[in-house]
Amino acid sequence: MLNEPKNRIAEKALVVWKIHGVIQTAVFFIIAIIVTVLIFLYDWPKWIIFVMALLLLIDGYFSIFFAPKLRWKRWRYEVREQEIELQHGLFVVTRTLVPMIRVQHVDTEQGPILKKYHLATISISTAATVHEIPALDEEEAEHLRRTISRLARVADEDV
Amino acid sequence: MSEKKRLHPITIVLNTLKEIREALIPIFVTFFLGTENEDGFMGSTFFTLLPLIIILWTIFSGFAHWLRFTYRIEEGELRIEEGLFIRKKRYIPFERIQSISTSEGILQRIFGLVKMSIETAGGNGEAEATLTAISKEEAGRIKEALKRLKENNRTDVADANVGDVQQLTGGPANQHMKVEGDVLQEPLFQQAGETGEVVYMMSFKEIFFVSVTSGGALGIIAAAAAFLSQFDDWIPYDRLFSEAREYIAHGLIIAFILGIVIIFFAYVIAIVRSMLKYANFTVEKAEDHLIISYGLLEIRRITVPLKRVQGIEVRENLVRSLFGYASVYLISAGSNSREEGFEHFVVCPFIKKEKISGIVEELFPDYRIDVPTHPIPRRAKYRYMVRPVLYLALPVAIGVFLLKPWGFLLFLLFPILAFIGYLAYRFAGWNITGDQLMLRSRFFNGRTLYTLKNRIQAVNVHKNWFQRRKRLGTVDATIMSGFGGTVGRTVDLDEGDLLKIYQWYSRTKGDGELNL
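Reading the values: rules and limits
- Residues numbered from 1 in each chain as written.
- Chains lettered and ligands numbered in written order.
- Predicted model: local features only at pLDDT ≥ 70, side-chain atom pairs only at ≥ 80, totals over all residues.
- Heavy atoms only, no water.
- Helix = DSSP H or I, 4+ residues; strand = E, 2+ residues; numbered from the N terminus.
- Buried < 20%, exposed > 50% of the residue type's maximum accessible area, 1.4 Å probe, protein only.
- Contact = heavy atoms within 4.5 Å.
- Areas by Shrake-Rupley, 256 points an atom, 1.4 Å probe, with all protein chains shown as cover.
- Axes fitted to C-alpha atoms, helices over the stretch in contact; angles between N-to-C directions.
- Parallel < 35°, antiparallel > 145°, perpendicular 65-115°, else oblique.
- Nonpolar A, V, L, I, M, F, W, Y, C, P; charged D, E, K, R; others polar.
- Pairing = 2+ DSSP bridges.
- Salt bridge = Lys/Arg side-chain N within 4 Å of Asp/Glu carboxyl O.
- Phe/Tyr/Trp six-rings, centres within 6.5 Å; stacked < 30°, edge-to-face > 60°.
- Patch = residues over 30% accessible without salt bridge, like charges linked within 9 Å, V, L, I, M, F, W, Y side chains within 5 Å.
- Lys, Arg positive; Asp, Glu negative; His and termini not counted.
- Charge placed at Lys NZ, Arg CZ, Asp CG, Glu CD.
- Left-handed = near helix turned anticlockwise from the far one by under 90°.
- Core = buried A, V, L, I, M, F, W, Y, C linked by side-chain atoms within 4.5 Å.
- pLDDT = per-residue confidence, 0-100.

(A) Representation of the overall build of chain A within the structure. From N to C terminus, chain A includes 4 helices and 7 strands. Along its sequence from the N terminus, chain A presents helices and strands in the succession β-α-α-β-β-β-β-α-β-β-α. Classification of the 159 residues of chain A by burial places 46% in the buried group. A fraction of 52% describes how many contacts in chain A between residues 6 or more apart in sequence connect residues 24 or more apart. When the accessible surface of chain A is split by element, carbon and sulfur atoms take 64% of a total near 8600 Å².

Written out as structure tokens, the structure reads:
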């Protein structure tokens, strides 16, 4: 079991995350434009523009190319009879165990972008924590939700 | 008991006092404005009258709130109606009531009354309903009525609970909720005169010592240090003329002495307050719950069902641990005491470390307190020492920059921080004994969390880039407590130890590596 959890999330997640990255970069870009206009209007130091451009470039590369790819590569999950195992993280890689017996309920969620790509996010709640698996195929998410629900209901205290 | 009832009239006084306390700052502000603005545009009369108006208003409002507040028990619900301009009706179904607790303030004690707090599942902090002052007999009657009604439809109630929670989460029917018996279905009715076997009591000496070393009192000392340091920074001696300097210097000395006197008194008051609060601290064990009671003027009684306890935490504050003392807290699901920011129940505020295991293991036979600590590997020592330095590097840099040249003294903080880090390194560790997990960590205060496998909601292990290079990792175990959870965490464990904890928690046994 201790080798990495078996399943990866949908490959289309990459596209969705890239779109998120583009939106984020666009927002920063608009802010940068506004600041640039202000700089010219009020005669603030011009070097700020270059710094902003550089930051924008770095952020764009990071949030559109670097982060989605690495995040996708890291994301793994596995649902077993007794527990759910997750692994994710960009710089800090986290592995999580959630016993079935602790699962209180499971939700699926779908934002507009996820919907367009037929993806859904699953969130698993215990009495104290919430765990998300982002961007699964719609059918896969639905199937998983049912499976976890069923397994959680039959799970008995084993201790 | 279906007729509408009012609270005891003393509630008017209690309401008024509460509102005055809230209005204290505006009253002071307007009062001082009134004395300074002699010929201001509003005139002084308005400003001196304003406090009076506010006080009259609070009395009126206290009275009106009392008049408009009614409660009754009807159709299996506790129905409360209140509100002056906006009428608020709150109907609480019995099956949602988690616990009822009573406490007595000074005024309540004089008139032989109690304050009753009613808590429901899923409440997020505040008590769902508070009956500020009712007679003890009335309190008994309410408890009886609830108990009777609950016993009548116990089976219905269990079903209703599940339904309720589903409704709360708004999930479709196939999303089930697992309701643990000890969380929702066992409401607690605390009997006023109920007693059990006394398991722990604090002596006068201990209460005194806990008060002297409490955070509040130490906070005042810290404030004193801050106060004294103000003098050097803000008074520009050199720019003042010599005559004025002498005059100011006198003023300063007087202010200085006055400051010290004030701080001393504040410290004494803090000690006295804390002593009054913890006086008669007693822990009793009745069949399936603990009763913690303390206080001299205001008696607090907290009932904790043993089944709901999720973990035990031993806290060692820097000063107390020097003398070999620590505090023991219970972490309970749906805790109903949030007084003074206590997220958890304190069972032993002040106890010799050697004695903890005796008391705790008697109350909770599943726990083992005196277990050896597996230490943090030596290669993590450097990380432990650097971490607190990094946390404060930016504030110190800013301080040095702003407070030149004395700001350079702030650099002295670094060795102190590194030493604190070293202490944390020595303290931290873990242990697994049977089904019990122990996690130790420290920043200023040492924290040792004991919990059981079947109480842990989820376990996380993680590594960042630097940890990976040194084959170290962090473990988090989350348990349920009140709203949200409590996380036990130990940083920079050896990779192998991390794997052991992970495997211990996993229901699927197997070999391999974590591959983080």
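(B) Highlighting the packing of helix 1 (residues 12-42) of chain A against helix 2 (residues 47-74) of chain A. All names here are of chain A. Contact geometry for helix 1 and helix 2: axes closest at 9 Å, N-to-C directions at 175°. With respect to helix 2, the element helix 1 is oriented roughly antiparallel. Of the residues contributing to the contact of helix 1 with helix 2, the split by class is 18 nonpolar, 6 polar and 4 charged.

(C) Region of interest: the pairing of strand 3 (residues 83-88) of chain A. All names here are of chain A. For strand 3, a buried count of 5 out of 6 residues is recorded, marking the element as mostly surrounded by other parts of the structure. For strand 2 (residues 76-79) and strand 3, the ladder comprises 4 bridges, and the chain directions are antiparallel. Residue V79 lies in a different strand from strand 3, and its bridge partner there is I84. Hairpin connection, strand 3 to strand 4 (residues 93-99): the antiparallel pair is bridged by 4 residues, and G89 has positive phi, about 130°.

(D) Spatial organisation of the pattern of salt bridges. Overall, the coordinates contain 25 salt bridges over all chains when judged by the stated rule. Salt bridges sharing partners connect three or more residues here, namely K4, R72, E74, E77, R79 and E81 of chain B.

(E) Quick peek at the environment of I80 of chain B. Residues and elements named next belong to chain B. Topologically, I80 is positioned in strand 2 (residues 77-82). By relative accessible area, I80 is classed as buried at 3%. Residues I80 and K4 lie 76 residues apart in sequence; the distance between their C-alpha atoms is 8.9 Å. Non-local contacts of I80, meaning those with residues more than four positions away in its chain, are made with F69, T70, Y71, K88, K89, R90, Y91, A129 and L131.

(F) Quick peek at the packing of aromatic side chains. Enumeration over the complete set of coordinates arrives at 25 aromatic pairs over all chains. Taking 5.1 Å as the distance between ring centres and 80° as the angle between the ring planes, the aromatic pair formed by F209 of chain B and F323 of chain B counts as edge-to-face. Separated by 114 residues along the polypeptide, F209 of chain B in helix 7 (residues 204-212) and F323 of chain B in the loop between helix 10 (318-322) and strand 13 (325-332) bring together distant segments of the chain. Each residue in the set Y61, F62, F65, F66 and F91 of chain A is aromatic and connected to the rest through ring pairs, giving one cluster.

(G) Representation of unusual backbone geometry. Backbone geometry at A135 of chain A places phi at a positive 50°, although glycine is not the residue there. Mapped onto the secondary structure, A135 of chain A falls in strand 7 (residues 130-137). The phi torsion at R471 of chain B lies on the positive side, around 55°, for a residue other than glycine. For R471 of chain B, a relative accessible area of 45% gives the class partly exposed.

(H) Spotlight on the sheet that holds strand 8 (residues 197-201) of chain B. Residues and elements named next belong to chain B. Read across the sheet, 4 strands follow the order 8-9-10-11 without closing on themselves; strand pairing throughout is antiparallel. Both outer strands of the open sheet, strand 8 and strand 11 (300-305), are each paired with one neighbouring strand and no more. Between one strand axis and the next, the sheet turns through 20° on average, direction left out of account. Bridge count for strand 10 (residues 289-294) against strand 11 is 6 bridges, and the pairing is antiparallel.

(I) Broad picture of a positive patch on the surface. All names here are of chain A. The grouping of R8, K18, K69 and K73 at the surface amounts to a positive patch. By the element assignment, K18 lies in helix 1. Owing to a relative accessible area of 32%, K18 belongs among the partly exposed residues under this scheme.

(J) The arrangement of the packing of helix 12 (residues 381-402) of chain B against helix 13 (residues 413-427) of chain B in detail. All names here are of chain B. Following both chains from N to C, one finds helix 12 and helix 13 inclined at 140°, their axes separated by 7 Å at the closest point. In the crossing of helix 12 with helix 13, the sense of the turn from one axis to the other is right-handed. Residues K381, Y384, M385, P388, V389, L392, A393 and V396 of helix 12 pack against L413, F414, L417, A418, G421, Y422, A424 and Y425 of helix 13. Of the residues assigned to the contact of helix 12 with helix 13, the class counts are 14 nonpolar, 1 polar and 1 charged.

(K) Quick peek at the nonpolar core. With 42 residues, the main nonpolar core has F281, L290, I292, V328, L330 and F364 of chain B as its most contacted residues. Filtering out sequence-adjacent residues up to four positions away, F281 of chain B remains in contact with Y200, M201, M202, I292, S293, Y294, V346, V347 and P349 of chain B. Judged by nonpolar contacts, the second largest core, of 30 residues, contains V98, I101, L119 and L136 of chain A.

(L) Just the confidence of the model for chain B, in detail. Residues and elements named next belong to chain B. Confidence in the prediction for chain B averages 77 pLDDT; 74% of positions are at 70 or higher. A low-confidence stretch, residues 335-343 stays under pLDDT 50, and its non-local contacts, those more than four residues away or across chains, total 22 contacts. Model confidence for the complex is summarised by a pTM of 0.69, with the ipTM given as 0.87.

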